[in-house]
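Coordinate analysis (summary)
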Amino acid sequence: AQSVSQHNHHVILSEAASLELGCNYSYGGTVNLFWYVQYPGQHLQLLLKYFSGDPLVKGIKGFEAEFIKSKFSFNLRKPSVQWSDTAEYFCAVTGDNYGQNFVFGPGTRLSVLP
Amino acid sequence: GAVVSQHPSWVICKSGTSVKIECRSLDFQATTMFWYRQFPKQSLMLMATSNEGSKATYEQGVEKDKFLINHASLTLSTLTVTSAHPEDSSFYICSAGWVNTGELFFGEGSRLTVL
């Protein structure tokens, strides 16, 4: 069965600091990888996704993520965070059986201090 | 992106009553919708896959008689929590998307509080 782990439960940063949120997955086959963000009081939104090709993917709002197959990782990065990036971030993976195998990580809460 | 909307966003009910939550795809047709439950400070747990015109597929451990799912049209799926109890209090989220891209769009969520 698939599983997704995220390294940190809560990350606190000051504005302009660099961000890296860890995500590791466990799955034996081809995977599609996602990062979703949930701003306070809002619904989940897609930040970026990886299906194939260039393992470094760029998403919205300056976020990027790198797929490292050998490490089963898909870490999220942003060079300089803003207060508005305060949110909950979820890594997710889906395998061959789209939907029913769409598994979310436990989430990482990011708090950016002004 | 596509829009998925849930209603109500917040509902409080008495123990023993039933509550219906609607999930609508506003600008696309969804043959498949997904219902999740999110416990405080935890991730989303897939409850069931709702299929238009057929029975929902429930995940292991989810009571199908308690959480009734109806997907009567290509834009609407409903989740009915029957005979709700305080332990059913949670945040329920639906999603829909496209099979060929594997991309899901999420509703705003519905917070259920059972007194």
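Below is a summary of the structure that appears in this document. Going along each chain's sequence as written, the residues are numbered from 1 onward. Labels are handed out in written order, letters beginning with A for the chains and numbers beginning with 1 for the ligands. This being a predicted model, a pLDDT of at least 70 is required before a residue's local features are given, and a value of 80 or more before pairs of side-chain atoms are given or counted; all residues contribute to the totals for chains, interfaces and linings. Computation of side-chain values covers all heavy atoms of the structure but excludes hydrogens and water.

Points about the interface of chain A and chain B
Interfaces are often sized by the accessible area lost when the parts come together. Any two residues whose heavy atoms approach within 4.5 Å at even a single point are treated as in contact. Across the boundary between the two partners, chain A contributes 17 residues, which contact 21 residues of chain B. Salt bridges, as used here, are contacts in which a Lys or Arg side-chain nitrogen is within 4 Å of a carboxyl oxygen on Asp or Glu. Linking chain A with chain B are zero salt bridges. Identification of polar contacts relies on pairs of N or O atoms within 3.5 Å, with a donor-acceptor requirement for protein atoms, meaning one able to donate a hydrogen and the other able to accept it, and with residues adjacent in sequence counted only if both atoms are side-chain atoms. Here chain A and chain B share one residue pair in polar contact (both at pLDDT 80 or more) between them. The numbering of helices and of strands both runs from the N terminus, where a helix is a DSSP run of H or I of at least 4 residues and a strand a run of E of at least 2. Elements that contribute at least two residues to the side of chain A that touches chain B include exactly strand 5 (32–38) and strand 6 (45–50) of chain A. Residue type decides the class: Asp, Glu, Lys and Arg count as charged, Ala, Val, Leu, Ile, Met, Phe, Trp, Tyr, Cys and Pro as nonpolar, and the leftover types, Gly among them, as polar. Here the side of chain A that touches chain B is composed, by residue class, of ten nonpolar, six polar and one charged.

Some points on the environment of B:Phe106
Tracing the backbone shows B:Phe106 in strand 10 (residues 103–106). Separated by 81 residues in the primary sequence, B:Phe106 and B:Ser25 place their C-alpha atoms 9.5 Å from one another. If we ignore the near neighbours within four places in the chain, the residues touching B:Phe106 are A:Tyr36, A:His43, A:Leu44, A:Phe104, B:Val4, B:Tyr36, B:Leu44, B:Ile93, B:Cys94 and B:Ser95.

A closer look at the state of the cysteines
Residues and elements named next belong to chain A. Criterion for a disulfide: a pair of cysteine sulfur atoms at a distance within 2.5 Å. A full pass over the atoms with the stated rule returns two disulfides over all chains. A sulfur-sulfur distance of 1.9 Å marks the disulfide that ties Cys 23 to Cys 91. Here the S-S torsion is close to -65°, and the disulfide linking Cys 23 with Cys 91 is therefore left-handed. Taken together, the residues span a long stretch of sequence, with Cys 23 in strand 4 (residues 23–26) and Cys 91 in strand 10 (residues 87–94) at a distance of 68 residues. One exposure class covers both Cys 23 and Cys 91, and it is buried. Throughout this description, buried means an accessible area under 20% of the type-specific maximum (1.4 Å probe, protein chains only), exposed means over 50%, and partly exposed covers the range between.

A few points about the environment of A:Ser5
Residues and elements named next belong to chain A. Its location among the elements puts Ser 5 in strand 1 (residues 3–6). The class of Ser 5 is partly exposed, set by a relative accessible area of 36%. When the C-alpha atoms of Ser 5 and Pro 40 are compared, they prove to be 22 Å apart, with 35 residues separating the residues in sequence. Apart from the residues within four sequence positions on either side, Ser 5 is in contact with Gly 22, Cys 23, Asn 24 and Pro 106.

Some remarks on the side chain of B:Lys66
Residue and element names in this part refer to chain B. By the element assignment, Lys 66 lies in the loop between strand 6 (57–58) and strand 7 (67–73). A polar contact is formed between the side chain of Lys 66 and the backbone oxygen of Ser 83, at a distance of 2.9 Å. What Lys 66 contacts, discounting residues up to four positions off in sequence, is Thr 80, Val 81, Thr 82, Ser 83, Ala 84, His 85 and Asp 88.

Brief notes about the sheet that holds strand 1 (residues 4–7) of chain B
All names here are of chain B. Reading across from one edge, 1-3-8-7 is the order of the four strands in this open sheet, with antiparallel pairing throughout. In this open sheet, the two strands that pair with only one neighbour each are strand 1 and strand 7. For this sheet the average axis-to-axis angle between neighbouring strands, irrespective of direction, equals 20°. Inspection of the sheet shows strand 7 paired to strand 8 (residues 76–81) by five bridges, in the antiparallel sense. Along strand 8, the bridge assignment pairs Ile 69 with Leu 79. Paired strands are those between which DSSP finds at least two bridges. In this analysis, axes come from line fits to C-alpha atoms, helices being fitted only over the stretch in contact, and the angle between any two N-to-C directions falls in the range 0 to 180 degrees.

A closer look at the layout of surface pockets
Computed over the protein atoms alone on a 1 Å grid, cavities are sets of points where a 1.4 Å probe fits but cannot get out and pockets are open sets with protein on both sides within 12 Å along at least five of seven lines; a residue lines them when it has an atom within 4 Å of a point. Grid points are joined across faces, edges and corners, and a volume is the space filled by probe spheres set on the points. Each pocket or cavity is described by its volume, and for the largest pocket that value is around 390 Å³. In this structure, the largest pocket is lined by 20 residues; those nearest its centre are A:Gln38, A:Glu88, A:Arg109, B:Gln38 and B:Arg111. Broken down by secondary-structure element, the contributors of at least two residues to the lining of the largest pocket are strand 10 and strand 12 (108–113) of chain A. Across the lining of the largest pocket, the residue classes break down as eight nonpolar, seven polar and five charged.

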